[in-house]
Amino acid sequence: MGGGTSPCASCKLLRRRCAKDCIFSPYFPPDDPHKFAIVHKVFGASNVSKMLQELPFHQRGDAVSSLVYEANARMRDPVYGCVGAISFLQNQVSQLQMQLAVAQAEILCIQMQQEQQQPPLMTHNNDHGGEDDKSSLVNFSSLQHYLSFASTSSTNNVMQDPLKRESLWT
Amino acid sequence: MNSSRCAACKHLRRRCPSDCIFAPYFPSNNPRRFAYVHKIFGASNVGKILQDLPVSYRGEAANTLCYEAYCRIKDPVYGCAGIVDQLNEQLKVAEYQLATIKAAITTTLQPSYLLDQSLHML
């Protein structure tokens, strides 16, 4: 071993020569052996190699990061892995969206109450009816901005994939 | 001659023993389930994960492994981790929106705000 670079973490673990074009070496440096050990334990070196080979070079780093994340999650929780985190987060998002809907209803009630309290002043100033209408419209339209928040369906988009999993369950 | 091999043993082209670790969770009528986990995790790793768990947890573990494998096949770069990221992002947005609305409610309910509104109408 005359002046050669040290083998990557994967080749060290697998006890093989680390080739110059080793698919693992850019992502599993020798100073972090635990990273590859975890991924190998959960996915297997051969599967990881195939997955990386099927990806363009510029996406491999991200793929390795996500595999490491999932492997760590599976080691911490062998039953649920990172699916446990997904369930937890979906719950949190649902709860927040419920709170958001309640808050939106509350602000709508407040606005309606204020409008009901305002008519005597508004009729007194009917000559300037246009401006008053505009000011009340301005208040309402700014509140409409808050009311449009809950209609985003991005959670539903994320949920569609988990819902499809029904076909995978026994 | 075992004519009712589980999906795993069919895929692996082997006999399905009576105590096959995969059989309860990978029935022959759903070959895709095992194909997915085998592609991503490998039969050997799945077998080890299941064997290390009490029997009562193995069904759930098999389900989550299938789900993770399916997500990884659909999104080879980010897999399930991508969904976690998206949900974290949604959480942040929802928290911000809720804080904004609550602040708006607080402002609207303050007496000084109501007085301003009344004065504006005069």
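Bear in mind the structure is a predicted one, so any value in this text is a computation, not a measurement.

A. The overall build of chain A, seen in detail. Scanning chain A from N- to C-terminus turns up eight helices and zero strands. In sequence order, chain A lays out its α and β elements as α-α-α-α-α-α-α-α. Residues classed as buried in chain A amount to 36% of the 170 residues present. The contacts in chain A between residues at least 6 apart in sequence include a share of 54% that link residues at least 24 apart. In the form shown here, chain A has an accessible surface area of approximately 10,200 Å², with 54% of it arising from carbon and sulfur atoms.

B. Local environment of helix α3 (residues 45-53) of chain A. Buried residues of α3 of chain A: A45, N47, V48, S49, M51 and L52 of chain A, and no others. Residues of α3 of chain A that are buried sit in contact with α1 (9-14), α2 (33-42) and α4 (57-76) of chain A together with α2 (31-40) and α4 (55-74) of chain B.

C. Representation of the UniProt feature "domain: LOB" (unreviewed entry) in chain B. Cross-referencing UniProt, the feature "domain: LOB" (unreviewed entry) maps to residues 4-105 of chain B in the present numbering. With 71% helix and 0% strand, the stretch residues 4-105 of chain B has end C-alpha atoms that lie 64 Å from each other.

D. Structural detail: α4 of chain A. Here α4 of chain A spans 30 Å end to end across 20 residues, near enough to the 28 Å set by a 1.5 Å rise per residue. Among the structural elements, α2 and α3 of chain A together with α3 (43-51), α4 and α5 (79-109) of chain B are those in contact with the buried residues of α4 of chain A.

E. Broad picture of the packing of α4 of chain A against α4 of chain B. In the contact formed by α4 of chain A and α4 of chain B, the axes pass within 13 Å of each other and the chain directions differ by 175°. When the axes of α4 of chain A and α4 of chain B are compared, the pair comes out roughly antiparallel. Across the interface between the two elements, A63, S66, L67, E70 and R74 of chain A of α4 of chain A pack against A61, T64, L65, E68 and R72 of chain B of α4 of chain B. Partitioning the contact of α4 of chain A with α4 of chain B into residue classes produces four nonpolar, two polar and four charged.

F. Spatial organisation of the packing of α3 of chain B against α4 of chain B. Residue and element names in this part refer to chain B. One way to put it is that α3 packs onto α4 with a least axis distance of 9 Å and a crossing angle of 150°. As α3 runs across α4, the sense of the crossing is right-handed. Across the interface between the two elements, V46, I49, L50 and Q51 from α3 touch R58, A61, A62 and L65 from α4. Among the residues forming the contact of α3 with α4, the class breakdown is six nonpolar, one polar and one charged.

G. Spotlight on the UniProt feature "domain: LOB" (unreviewed entry) in chain A. The residues that UniProt annotates with the feature "domain: LOB" (unreviewed entry) are residues 6-107 of chain A. A helix fraction of 69% and a strand fraction of 0% characterise residues 6-107 of chain A, whose end C-alpha atoms lie 64 Å from each other.

H. Highlighting the packing of aromatic side chains. Taken as a whole and assessed by the stated rule, the structure comprises eight aromatic pairs over all chains. Between the aromatic rings of F28 of chain A and F36 of chain A, the centroid separation amounts to 5.1 Å while the plane-to-plane angle is 75°, which identifies the pairing as edge-to-face. We classify F28 of chain A as buried; its relative accessible area is 1%. A centroid spacing of 5.4 Å and a plane angle of 80° characterise the contact between F26 of chain B and F34 of chain B, whose relative ring orientation is edge-to-face. Both residues of the pair, F26 of chain B and F34 of chain B, count as buried. Among the aromatic residues, those joined into a ring-pair cluster are F24, F28 and F36 of chain A. Over the face of the ring belonging to F28 of chain A we find K35 of chain A, whose NZ or CZ atom lies 5.6 Å from the ring centre.

Cut-offs and rules
- Residues numbered from 1 in each chain as written.
- Chains lettered and ligands numbered in written order.
- Predicted model: local features only at pLDDT ≥ 70, side-chain atom pairs only at ≥ 80, totals over all residues.
- Heavy atoms only, no water.
- Helix = DSSP H or I, 4+ residues; strand = E, 2+ residues; numbered from the N terminus.
- Buried < 20%, exposed > 50% of the residue type's maximum accessible area, 1.4 Å probe, protein only.
- Contact = heavy atoms within 4.5 Å.
- Areas by Shrake-Rupley, 256 points an atom, 1.4 Å probe, with all protein chains shown as cover.
- UniProt positions renumbered as here; feature names shortened; annotations may be inferred.
- Expected span 1.5 Å × (residues − 1).
- Axes fitted to C-alpha atoms, helices over the stretch in contact; angles between N-to-C directions.
- Parallel < 35°, antiparallel > 145°, perpendicular 65-115°, else oblique.
- Nonpolar A, V, L, I, M, F, W, Y, C, P; charged D, E, K, R; others polar.
- Left-handed = near helix turned anticlockwise from the far one by under 90°.
- Phe/Tyr/Trp six-rings, centres within 6.5 Å; stacked < 30°, edge-to-face > 60°.
- Lys NZ or Arg CZ within 6 Å of the ring centre and 35° of its normal.

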